[in-house]
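Take a look at the letters that make up each chain.
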Amino acid sequence: GNMVEWCLPQDIDLEGVEFKSMASGSHKIQSDFIYFRKGLCFGLACFANMPVESELERGARMKSVGILSPSYTLLYRYMHFLENQVRHQLEMPGHYSHLEAFYDDKKGVLPDSKGTPSSQQPVHWLPSIHRYMYPEMKITHPAGCMSQFIKFFGEQILVLWKFALLRKRILIFSPPPVGVVCYRVYCCCCLANVSLPGLGGTVPESKPFFYVNVADIEMLETEVSYVACTTEKIFEQKRDLYDVYVDNQNVKTHHEHLQPLLKINNADKEKYRRLNDQRQMLMYSQEVGEDCSSCEEDLFILFFMEQNNRIFQTLLEVSASQDKTLTAEHARGMGLDPQGDRSFLMDLLEVYGIDVMLVIDNPCCT
């Protein structure tokens, strides 16, 4: 089995981290990287696999070198260092001087492992976009993969968007390598960004758990909302752990009341068309040299944030009005399909505790 061979500080609780930092099935691949969650901290580990002529090691030496931090947004900066160090550890096992120097240089005070999310809120989740950080993000950081994410899922992105906005438990399955799948977890959470001050504490927290395995089952049983990925097919059978299961580009749910959300409607197609139009315009403006400051990642994150803000702005305005009635006209104004998105809207009102009466015409009367 996996084991932790070295760590700093030595008194930190690392129970289970040996399975989080090396995805199940990794023995079949040469290298990978993996994001994961450990208590209130987030980790990034780089994995490598090297053939060796040793019966004791069964012909292969496999190691992961990782770091933990209260925030995941800057972990990508150390990806190159971790990749170099895992190679170093494979070739020269037991030489930790570079890792010691790294720890002494970067160490900070980690949150108390007994702390609660409310009293010790991680600093990773910021709805605002930090443009100054983007040039170095690209594909080496989760925020740099939104365009690949949308190209991969196509129109299905709108199905994922609805489930993310409803704060459902979303589990993404993929065989190794798992690095790019960890990016999909992050992107899924970005789809649900809302920057309206009016919502306050009514918004359930969207939790990116990144990679999970069977050792996390007990923890997942207590979660009401998360996005995670796994390489373990056994999870598909454990339906009580998730609401939405994503296998490659196939998005499915075993909950009957969520089935209508799997269907792409006309409003979804229109949103996807608008998103692609904006992408084409951005690419054209970059080609002719008019706009070099905007990037595709900003466009995607802002597209969904503005869409979400428009929905909640309308819902809050209607809930503050005298008759509190949400009509088909309101739905269209929010960019939703009055019929196709009816169940989505009803779920949304319930999840966010918004007091509105939904009056949308029966399809046979329209």
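The text that follows walks through the structure, step by step, so that each part is easy to find. (Residues numbered from 1 in each chain as written. Predicted model: local features only at pLDDT ≥ 70, side-chain atom pairs only at ≥ 80, totals over all residues. Heavy atoms only, no water.)

Focus on the pairing of strand 4 (residues 169-173)
Formally: To sort residues, take the accessible area from a 1.4 Å probe on protein chains only and compare it with the maximum for the residue type: under 20% means buried, over 50% means exposed, and anything in between is partly exposed. Each helix is a run of DSSP H or I of at least 4 residues and each strand a run of E of at least 2, with the numbering of both proceeding from the N terminus. By the convention used here, strands pair only if DSSP detects at least 2 bridges between them.
Burial runs high along strand 4: five of the five residues are buried. By the alternation rule, side chains of strand 4 split into R169, L171 and F173 and I170 and I172, which are all buried. Relative to strand 7 (residues 244-247), strand 4 is paired through four bridges, and the arrangement is parallel. Across the sheet, the residue bridging to I170 is V244, located in strand 7.

Some remarks on the pattern of salt bridges
A side chain of one charge can pair with a side chain of the opposite charge when the charged atoms of the two come close. To be explicit about the condition: A pair is scored as a salt bridge if a Lys or Arg side-chain nitrogen falls within 4 Å of a carboxyl oxygen belonging to Asp or Glu.
Evaluation of the coordinates by the stated rule reveals 16 salt bridges. The shortest N-O distance in the salt bridge between E5 and K63 comes to 2.6 Å. Here K63 lies in strand 3 (residues 60-69) and E5 lies in the segment before helix 1 (17-20), a separation of 58 residues in the sequence. On the basis of relative accessibility, which here comes to 42%, the residue E5 falls in the partly exposed class.

Thoughts on unusual backbone geometry
In this chain, L8 is followed by P9 through a cis amide linkage whose omega measures -10 degrees. Structurally, P9 is set in the segment before helix 1. For the bond from P176 to P177, the omega torsion is 5 degrees, close enough to zero to count as cis. Structurally, P177 can be placed in the loop between strand 4 and helix 6 (179-190). For F210, which is not a glycine, the phi torsion comes out positive at approximately 55 degrees. Among the structural elements, F210 can be located in strand 5 (residues 208-211).

A closer look at helix 2 (residues 79-91)
Heads up, the condition is: Every helix has an expected span of 1.5 Å times one less than the residues it contains. By definition, residues are in contact when any of their heavy atoms lie within 4.5 Å.
Between the first and last C-alpha of helix 2 there are 19 Å, a value that for 13 residues agrees with the 18 Å anticipated at 1.5 Å per step. Within the span of helix 2, buried status applies to M79, L82, Q85, V86, H88, Q89 and L90. Looking at the buried positions of helix 2, the neighbouring elements they touch are strand 1 (31-38), strand 2 (41-51), strand 3, helix 3 (97-106) and helix 6.

Some thoughts on the packing of aromatic side chains
The condition is simple: Any two of the Phe, Tyr and Trp rings considered here, Trp counted by its six-membered ring, make a pair once their centres fall within 6.5 Å; the pair's planes then place it as stacked at under 30 degrees, edge-to-face at over 60, or tilted in between.
Taken as a whole and judged by the stated rule, the model has 19 aromatic pairs. Ring geometry for Y35 versus F210: centroids 5.4 Å apart, planes at 35 degrees, classification tilted. Of the two residues, Y35 is situated in strand 1 and F210 in strand 5; the sequence distance between them amounts to 175 residues. Y35 gets classed as buried once you look at its relative accessible area, which sits at 0%.

Considerations on the packing of helix 4 (residues 146-153) against helix 5 (residues 156-165)
Stated formally: Inter-axis angles, ranging from 0 to 180 degrees, are taken between N-to-C directions of lines fitted to C-alpha atoms, where helices are fitted over the stretch in contact. Under this scheme an angle from 65 to 115 degrees is roughly perpendicular, one under 35 degrees roughly parallel, and one over 145 degrees roughly antiparallel; angles in between are oblique. Following the grouping adopted for this structure description, the nonpolar residues are Ala, Val, Leu, Ile, Met, Phe, Trp, Tyr, Cys and Pro, the charged ones are Asp, Glu, Lys and Arg, and the polar ones are all others, Gly among them.
Packing of helix 4 against helix 5 leaves a shortest axis separation of 7 Å and a crossing angle of 110 degrees. With respect to each other, helix 4 and helix 5 are oriented roughly perpendicular. Judged by residue contacts, F149, I150 and F153 of helix 4 engage Q156, I157 and L160 from helix 5. Class assignment for the residues of the contact of helix 4 with helix 5 results in five nonpolar, one polar and no charged.

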